[in-house]
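Single-letter residue listing:
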Amino acid sequence: ENTYLCQIYNLTLLCMEDYIVEPQSVQFLVQHGFDFNKQYSQGIPYHKGNDKGNEKQTQSVRTFFLELIRAKKPLILHNGLIDLVFLYQCFYAHLPDNLGTFTADLSEMFPAGIYDTKYASEFETRFVASYLEYAYKKCKRENCKLKDSSSQHLTVEFCNYPANMSCYIDYRHCSLEEESHNVGGGNKVPVCEKFSAYGWCPKGVKCPQSHNIDLIIDEDDRLWEEKRKKRKHKWKRRKNTEEPAKAFEEESSGKEMELAQNGEEGPPRKQSCYEPAAATELAELTPNSEGRPLEESSTDMEPETEAACAAEKEKETNGPPSQGGTHRAGFDAFMTGYIMAYVWMLKKGKDLDPGAGPWLPDCHNKLYLSGKSVPLQIVKSLFSKSSKAHSQKMKLAWAS
């Protein structure tokens, strides 16, 4: 029941209208292997706003987006508010004038629900950091612990691609990184605190400190264990004093501080920041009760479609160097899907009927808002109407 068949596709797109780029964002994408030559020479063209002519009869990204709506499947994103604005504006219709109309439209476009793995990472699993690669690797580690203890765990399977597709497929090693555990204390490169907290560093690949996510998680786990031992020792020592009431009061205060720091009473102590995306990212994780055991891997297919089947850090010998991991659309999509599948496995009830209600009620239609302790709810209120452009698109989607 916790086995998924995963297929990931990268679609390299090209906006056919004038647009502004930020130098830092372009540098970020180049450092992470994004091919701008390919985008401008082979990217699938698209236009923003409302349809032009009869889009139903053309094979375009807008037609494909309507197929996603027709599927009535849950939509899963990471820190997804800006992604939803982009998807709506570029492949659907002009953006509504107000937020209420926008959320009303989204609730009808994706009736099975919209899920944000950044919200889930901060408010459900309570990770101390919630940027994408951190959350993915943390889930991966915890899942491996469950597997080693023969507990219920998540299994992901990938397709066997035929030999004639090998030139379009690029595999990535996708197991836990052991090298970080073998580094001697004297030669250990210190972790970059900014990258550790936010998943982003202004110095990029030029930063002399480590951006290794495995080392960052090691450090977080070590600090957490040290704090836990100190609290336990402090509690035992004060338990034997002549002031049990005071000891109990201080112990309670310590627990409250622990809860606040670890996110039980709010977001975790680390906060994520802006994470640029290389391209549109799509992942399909299908529950699969059958299938083969796998070595987790990833693929790229070009020119028009690139299939990816995993999201682990790219070896420095392959492509441009990147200390911060491989931020590519397919890899990011895989990590997003993996996190959601892991959270679903942890949170679902044993006797929960998937058809009885929302897929994951605690995260259903809740979008993470930066710096806020409450999410943006994707609902249609009694005071909001759907936009005219959306109503026309829904008629087009279900005309057949």
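These figures come from a predicted structure and were not determined experimentally. (Residues numbered from 1 in each chain as written. Predicted model: local features only at pLDDT ≥ 70, side-chain atom pairs only at ≥ 80, totals over all residues. Heavy atoms only, no water.)

Engineer: Can you help me understand the overall build of the protein chain in this one?
Structural biologist: Assigned secondary structure in the protein chain consists of twelve helices and ten strands. Counting across all 400 residues of the protein chain, residues that qualify as buried make up 44%. Taking contacts inside the protein chain between residues at least 6 apart in sequence as the whole, the part at least 24 apart equals 78%. A total accessible area of about 21800 Å² is found for the protein chain, and carbon and sulfur atoms account for 53% of it. (Helix = DSSP H or I, 4+ residues; strand = E, 2+ residues; numbered from the N terminus. Buried < 20%, exposed > 50% of the residue type's maximum accessible area, 1.4 Å probe, protein only. Contact = heavy atoms within 4.5 Å. Areas by Shrake-Rupley, 256 points an atom, 1.4 Å probe, with all protein chains shown as cover.)

Engineer: Would you mind showing me how to read the pattern of salt bridges here?
Structural biologist: In a structure, side chains of opposite charge can pair up when their charged atoms sit close to one another. Per the stated rule, a full pass over the model turns up 16 salt bridges. Salt-bridge contacts for Arg 141 lead to Asp 214; the nearest nitrogen and oxygen are separated by 3.7 Å. Remark: Asp 214 occurs in helix 9 (residues 213-239) and Arg 141 occurs in helix 7 (residues 132-148); sequence separation between them is 73 residues. A relative accessible area of 10% means that Arg 141 is categorised as buried. Overall, the relative accessible area of 1% leaves Asp 214 in the buried class. Residue Lys 145 is joined to Glu 142 by a salt bridge in which the shortest nitrogen-to-oxygen separation is 3.4 Å. Residue Lys 145 and its partner Glu 142 are both found in helix 7; the two are separated by three residues, about one turn of the helix. Residues joined by salt bridges that share partners form a network here, namely Lys 137, Lys 138, Arg 141, Glu 142, Lys 145, Asp 214, Asp 218 and Asp 221. (Salt bridge = Lys/Arg side-chain N within 4 Å of Asp/Glu carboxyl O.)

Engineer: What am I meant to see in unusual backbone geometry here?
Structural biologist: A negative phi angle is the norm for most residues apart from glycine, just as the trans form is the norm for most peptide bonds. We note that Asn 79 has phi near 55 degrees; this positive angle belongs to a residue other than glycine. Topologically, Asn 79 is positioned in the loop between strand 4 (75-77) and helix 4 (81-91). Non-glycine residue Arg 126 carries a positive phi angle of around 60 degrees. Note that Arg 126 resides in the loop between helix 6 (117-123) and helix 7.

Engineer: I would appreciate a short explanation of helix 5 (residues 99-109) in the present structure.
Structural biologist: A large share of helix 5 lies buried, amounting to eight of its eleven residues. Residues Thr 101, Phe 102, Thr 103, Ala 104, Asp 105, Leu 106, Ser 107 and Met 109 constitute the buried set of helix 5. Residues of helix 5 that are buried in the fold lie against helix 3 (61-71), helix 4, strand 5 (114-116), strand 10 (376-377) and helix 12 (388-397). One side-chain oxygen at the N-terminal end of helix 5 lies 3.2 Å from the backbone nitrogen of Gly 100; it belongs to Asn 98. (Polar contact = N/O pair within 3.5 Å; in protein donor to acceptor, adjacent residues only side chain to side chain.)

Engineer: It is not clear to me how the confidence of the model for the protein chain should be interpreted in this structure. Could you clarify?
Structural biologist: Detailed conclusions should not be drawn from predicted coordinates in areas where pLDDT is low. Taken residue by residue, the protein chain gives an average pLDDT of 77. The fraction at 70 or more is 70%. Every residue in residues 253-268 scores below 50 in pLDDT, and together they form 25 contacts with partners more than four places removed in sequence or on other chains. pLDDT under 50 marks residues 271-280. Its contacts with residues more than four places away, or in other chains, come to 31 contacts. (pLDDT = per-residue confidence, 0-100.)

Engineer: Help me out: how do you make sense of the packing of aromatic side chains in this one?
Structural biologist: A ring pair, where both rings are aromatic, is described by two values, the distance of the centres and the angle of the planes. With the rule as written, the count across this model stands at 15 aromatic pairs. Ring geometry for Tyr 119 versus Phe 123: centroids 5.0 Å apart, planes at 25 degrees, classification stacked. Taken as a pair, Tyr 119 and Phe 123 lie in helix 6 at a separation of four residues, close to a single helical turn. We classify Tyr 119 as buried; its relative accessible area is 7%. Across the ring face of Trp 398, the terminal group of Lys 72 is positioned such that the distance to the ring centre comes to 5.0 Å. A cation over a ring is seen here: Arg 231 above Trp 224, with NZ or CZ 4.9 Å from the ring centre. (Phe/Tyr/Trp six-rings, centres within 6.5 Å; stacked < 30°, edge-to-face > 60°. Lys NZ or Arg CZ within 6 Å of the ring centre and 35° of its normal.)

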